[in-house]
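Observations on the three-dimensional arrangement
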Amino acid sequence: MKNEIEQITTPYVQANDIDGSEPVTPIILVETANFSSWLALRSNDEQAWLNRQAFTAQPGQWAWLGNDQATSIIAGWNGQKDIATLGGLPLRLPPGLYQLTETVSDLQLIGWGLGAYQFNRYKTAKRSAARLVMPPANNTSSILNHVEAISLTRDLINTSAQDMAPSHLQAEIQALADLFGADCDVIEGDALLDNNCGAIHAVGRAATDGPRLIDLQWGHADHPKVTLVGKGVTFDSGGLNLKPASGMRTMKKDMGGAATAIGLAYLIMAEALPIRLRLLVPAAENAIAGNAFRPGDVVHTHKGLTVEIDNTDAEGRLLLCDALSIACEDEPELIFDYATLTGSARSAVGAEVAAMFSNDTALANAIHTCGQIQDDPVWHMPLHQEYSYMLESKVADLVNSAASPYAGAVTAALFLQKFIGTQKWMHFDIMAFNVRARPGRPEGGEALALRAVYAYLKDTYDPV
Ligand SMILES: [Zn+2]
């Protein structure tokens, strides 16, 4: 099996690759609010024809217009320049070649690519996506790179845990390093103990495919350092605090934070942002065996803090705490971590918004704005220090899971903050999975807060 990076294809055609062998159908976008005035300018025949198709230019609605010689597609939209404008079309229009009749934004074109996504690893797709002629005025390479990055994230999440164990995740990151000429180091198995990563080791040691810390570094040494960290729990049984069937069913996605960080790293390197990038992925399967870590055990973290295990299902923060303290050692300007960390964050903001925590309010405000512009919503949550009391242990420096049923996403973030120094840091607690299909956002693995952070890095380090 090839790695995921080599399999990505995108549903666009370059304008100069059109040779006339295939008809190109124009797509006319009409805003719902402007539909009546638009319709009034059409011929009686066209009005009657659209009426027969009950077309009212609702978002996602489309209809045929014209005759055999000059057939067009008319598509409704809500006037927002977002992912949904074109995201519903590639798998609803008949397969073929299409061309927009008016200018759209890069983000809207990214939506076309994201809406064409299908996960084909285990099942042949029922149909191919419609293809769009890329308008020459848009930034083709940036659009393609965004679609490829997010498709990569989705593929990694959607892949079954049997094929996305820690060693597979390592192979994907190694392939990424090979593609862009980056360095990739791995600390694996008992070597984690030699490197004082007792928390990563504890989480993953019961699995056949052992725990590891994967460390990719790319870019010029004198560029500003930005470090991404992603939680790579390739399957989360809960450990000895076993999850119920309903909670375990989707746990192949518990490496969604790693997948998002990998997708973002792909985009940064493909776009050649002038930063010194580091990607740290602690990867482990939270499995059960005789050597599994137990409630009441105390693990020794890389930072030197001891952590009493209250619950083996709060394992993500254990992986992250070692990776974050290593991330701080070379003093990057920014650290972003992504993790499918708590059900509490899902209760707070649901599956479609990334819960965001940061020790820097200006950074949080800027990322929030980028999220709005990029149709990639994030919401700023409080690092309410008063709640640190919930992390106190009677036998160790910290406990890994608070006994209280309240503010679970906040106490998880506070736990992580104990392993951060003075660096600017942002933590995303994400679902990494669409529980319903929307235009441009199919059900399944999803990259949340990827475009928002990329846009911020681009604005900060490589402004146009
Ligand atoms: Zn867990």
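Just so it is clear, the model here is predicted, and its values are computed rather than measured.

Describing the overall build of the protein chain
Within the protein chain one finds 15 helices and 20 strands. Here the C-alpha radius of gyration of the protein chain, 24 Å, is about what a compact globule of 464 residues would show, namely 23 Å. Taking the principal axes of the C-alpha coordinates as reference, the protein chain spans close to 80 × 45 × 45 Å. By residue count, 48% of the 464 residues in the protein chain fall in the buried class. The long-range share in the protein chain, meaning contacts at least 24 apart out of those at least 6 apart in sequence, stands at 78%.

Examining the nonpolar core
By size, the foremost hydrophobic cluster in this structure holds 134 residues, and its most contacted members are Ile262, Ala265 and Ala449. Top contributing element to this core by residue count: helix H10 (residues 256-270), with 10 residues. When we break this core down by domain, the ones giving at least three residues each are domain 1 (4-138) and domain 2 (151-461). Residues contacting Ala265, with those up to four places away along its chain left out, are Leu176, Leu216, Leu228, Leu277 and Leu279.

Observations concerning unusual backbone geometry
In this structure, Ala54 is a non-glycine residue whose phi angle is positive, near 55°. By C-beta crowding, Ala54 is classed as exposed, having 9 other C-beta atoms within 10 Å. A positive phi is found at Ala407, a non-glycine position, where the angle reads about 55°. For Ala407, a count of 20 C-beta atoms within 10 Å puts it in the buried group.

Some remarks on the sheet that holds strand E12 (residues 298-300)
Within the open sheet, the three strands sit side by side as E12-E13-E17. Their pairing is mixed. One side of each edge strand has no neighbouring strand; the edge strands of this open sheet are E12 and strand E17 (398-399). Sheet analysis places strand E13 (residues 306-308) next to E17, joined by two bridges and oriented parallel. Residue Glu308 lies in a different strand from E17, and its bridge partner there is Val399.

Some points on the environment of Ala364
Its location among the elements puts Ala364 in helix H13 (residues 361-373). Along the backbone, Ala364 and Met431 are 67 residues apart, and their C-alpha atoms lie at a distance of 19 Å. Once you skip the residues sitting within four places of it in the chain, Ala364 turns out to touch Met356, Ser358 and His380.

Here we look at the sheet that holds strand E3 (residues 62-65)
Ordered by their spatial adjacency, six strands build an open sheet running E1-E6-E5-E2-E4-E3, and the pairing between neighbours is mixed. In the strand order of this sheet, the two ends are held by strand E1 (12-14) and E3, each with one partner. The sheet shows a mean angle of 35° between the axes of neighbouring strands, direction not considered. Two strands pair when backbone bridges link them, and strand E2 (residues 24-31) and strand E5 (residues 97-100) are joined in this way by four bridges, in the parallel orientation. Counterpart to Pro26 in the pairing with E5 is Gln99.

What to know about the pairing of strand E18 (residues 424-429)
Taken across its six residues, E18 has five buried, putting it largely inside the fold. Where strand E14 (residues 334-339) meets E18, six bridges bridge the pair, whose relative direction is parallel. Along E18, the bridge assignment pairs Asp337 with His427. As paired elements, strand E15 (residues 354-358) and E18 share four bridges and run antiparallel to each other. Opposite Ala355, over in E18, you have Asp429 as the bridge partner.

Considerations on the domain arrangement of the protein chain
The domains assigned to the protein chain are domain 1 (4-138) and domain 2 (151-461). Domain 1 puts 16 residues into the contact, and the matching count from domain 2 is 19 residues. Those elements giving two or more residues to the side of domain 1 that touches domain 2 turn out to be helix H3 (84-87) and helix H4 (106-115). It is H4 that contributes the most residues to the side of domain 1 that touches domain 2, four residues altogether. A class-by-class count of the residues in the side of domain 1 that touches domain 2 yields eight nonpolar, five polar and three charged.

Observations regarding the environment of Asn196
Among the secondary structure elements, Asn196 is positioned in the loop between helix H7 (191-194) and helix H8 (198-204). Here Asn196 falls in the partly exposed class, since 16 other C-beta atoms lie within 10 Å of it. Residues Asn196 and Thr340 lie 144 residues apart in sequence; the distance between their C-alpha atoms is 24 Å.

Some thoughts on helix H14 (residues 408-417)
With nine of 10 residues buried, H14 is to be regarded as a mostly interior element. If you check which residues of H14 are buried, you get Gly408, Ala409, Val410, Thr411, Ala412, Ala413, Leu414, Phe415 and Leu416. On its buried side, H14 packs onto helix H11 (316-329), helix H12 (343-349), E15, E17 and E18.

Concerning the packing of H11 against H14
Any two packed helices are characterised by how steeply their axes cross, that is the angle between the axes, and by the distance between the axes. Remark: H11 packs on H14, axes separated minimally by 9 Å, with the N-to-C direction vectors making an angle of 30°. With respect to H14, the axis of H11 lies roughly parallel. When you trace H11 past H14, the crossing you get is right-handed. For the pair formed by H11 and H14, the contact residues are Arg317, Leu320, Cys321 and Leu324 on the first element and Ala412, Phe415 and Leu416 on the second. Classifying every residue of the contact of H11 with H14 gives six nonpolar, no polar and one charged.

What counts as what
- Residues numbered from 1 in each chain as written.
- Predicted model: local features only at pLDDT ≥ 70, side-chain atom pairs only at ≥ 80, totals over all residues.
- Helix = DSSP H or I, 4+ residues; strand = E, 2+ residues; numbered from the N terminus.
- Rg over C-alpha atoms; globule rule 2.2 N^0.38 Å.
- Buried ≥ 20, exposed ≤ 12 C-beta atoms within 10 Å, placed from the backbone.
- Contact = placed C-beta atoms within 7 Å.
- Core = buried A, V, L, I, M, F, W, Y, C linked by C-beta atoms within 7 Å.
- Domains from an automatic or database assignment.
- Pairing = 2+ DSSP bridges.
- Axes fitted to C-alpha atoms, helices over the stretch in contact; angles between N-to-C directions.
- Nonpolar A, V, L, I, M, F, W, Y, C, P; charged D, E, K, R; others polar.
- Parallel < 35°, antiparallel > 145°, perpendicular 65-115°, else oblique.
- Left-handed = near helix turned anticlockwise from the far one by under 90°.

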